[in-house]
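# Tertiary structure, described
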Amino acid sequence: EMDTGFAFGGFAGTRVMDNVRAELEVSDWASNADCAGKCGILSMDVDALSILGNAWLDVPVGGDITPYVGGGLGIAGVSLDGDGINGTAWGFAWQLGAGVRVAVSPSVTIDLGYRYKTADVDAGDYHNSIVSQDFDATAQVVQLGFSFAL
């Protein structure tokens, strides 16, 4: 069971069509996990560094508010640190998301969005550990961001 944690990241992107944005996102999400007898470890720190290629579809509704939906694919390195385990494994990662962007000036946009992120990790990549089954590191992120046009 994952505790509430934090996520921090950034992206660089461009508009590829009138209503479609493409970006490369790098983010880090961290939390504590409590196994409660399910994995032989009482608790551990979990940290995931993800690198995703995203595509977002802007839904034009007129005015300065623009809803959007989309997602991304990439990789993530999930680090575990606890009793009997200390290591990092890399695996496939993806996310789905939606939100609204509000233009506050011609070059500045505020983004309020939601992301569901998952990294699929192979337990065999944690050498000499007590992790015995593959698992998913999942984050549900509510975010507030700012975009600046150059």
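Scoring rules and cut-offs
- Residues numbered from 1 in each chain as written.
- Predicted model: local features only at pLDDT ≥ 70, side-chain atom pairs only at ≥ 80, totals over all residues.
- Heavy atoms only, no water.
- Phe/Tyr/Trp six-rings, centres within 6.5 Å; stacked < 30°, edge-to-face > 60°.
- Helix = DSSP H or I, 4+ residues; strand = E, 2+ residues; numbered from the N terminus.
- Lys NZ or Arg CZ within 6 Å of the ring centre and 35° of its normal.
- 1 Å grid on protein atoms, 1.4 Å probe; cavity = no way out; pocket = protein on both sides within 12 Å on 5 of 7 lines; lining within 4 Å.
- Points joined across faces, edges and corners; volume = space filled by probe spheres on them.
- Nonpolar A, V, L, I, M, F, W, Y, C, P; charged D, E, K, R; others polar.
- Polar contact = N/O pair within 3.5 Å; in protein donor to acceptor, adjacent residues only side chain to side chain.
- Contact = heavy atoms within 4.5 Å.
- Salt bridge = Lys/Arg side-chain N within 4 Å of Asp/Glu carboxyl O.
- Buried < 20%, exposed > 50% of the residue type's maximum accessible area, 1.4 Å probe, protein only.
- Patch = residues over 30% accessible without salt bridge, like charges linked within 9 Å, V, L, I, M, F, W, Y side chains within 5 Å.
- Areas by Shrake-Rupley, 256 points an atom, 1.4 Å probe, with all protein chains shown as cover.

### Some thoughts on the packing of aromatic side chains
- Using the criterion set out here, one finds 2 aromatic pairs in the structure.
- Judged by centre distance (5.8 Å) and plane angle (40°), the ring pair of W94 and Y116 falls under tilted. In this pair, W94 is assigned in strand β5 (residues 85–103) and Y116 in strand β6 (residues 108–121), connecting sequence segments 22 residues apart.
- The aromatic ring of Y68 is capped on one face by R21, whose charged end is 5.2 Å from the ring centroid.

### Examining the layout of surface pockets
- Put simply, the largest pocket is a space of about 590 Å³.
- Considering each element in turn, the lining of the largest pocket owes the most residues, 5 residues, to strand β1 (residues 6–17).
- Taken together, the residues of the lining of the largest pocket sort by class into 9 nonpolar, 9 polar and 7 charged.

### Some details on the side chain of D111
- With respect to the helices, strands and loops of the structure, D111 is situated in strand β6.
- Of note is the side chain of D111, whose polar atom sits 2.7 Å from the side chain of Y68.
- Contacts of D111, omitting those with residues within four sequence positions, involve Y68, V100, R101, Q143, L144 and G145.

### Describing the pattern of salt bridges
- By the definition in use, this model includes 3 salt bridges.
- Here R21 ties to D58 by a salt bridge, and the two come within 2.9 Å at their closest N and O atoms. Taken as a pair, R21 in strand β2 (residues 20–34) and D58 in strand β3 (residues 43–58) lie far apart in primary sequence, 37 residues in all. One exposure class covers both R21 and D58, and it is buried.
- Salt-bridge contacts for K117 lead to E25; the nearest nitrogen and oxygen are separated by 2.8 Å. Of this pair, K117 sits in strand β6 while E25 is found in strand β2, placing the two residues 92 residues apart along the sequence.
- According to the relative accessible area criterion, E25 is buried, its value standing at 9%.

### Here's the deal with a nonpolar patch on the surface
- On the surface, L24, V26, L49, I51, I75 and W90 cluster together to form a nonpolar patch covering roughly 510 Å² of accessible area.
- Elements with a minimum of two residues in the nonpolar patch: β2 and β3.
- As for its placement among the helices and strands, V26 is situated in strand β2.
- For V26, a relative accessible area of 38% puts it in the partly exposed group.

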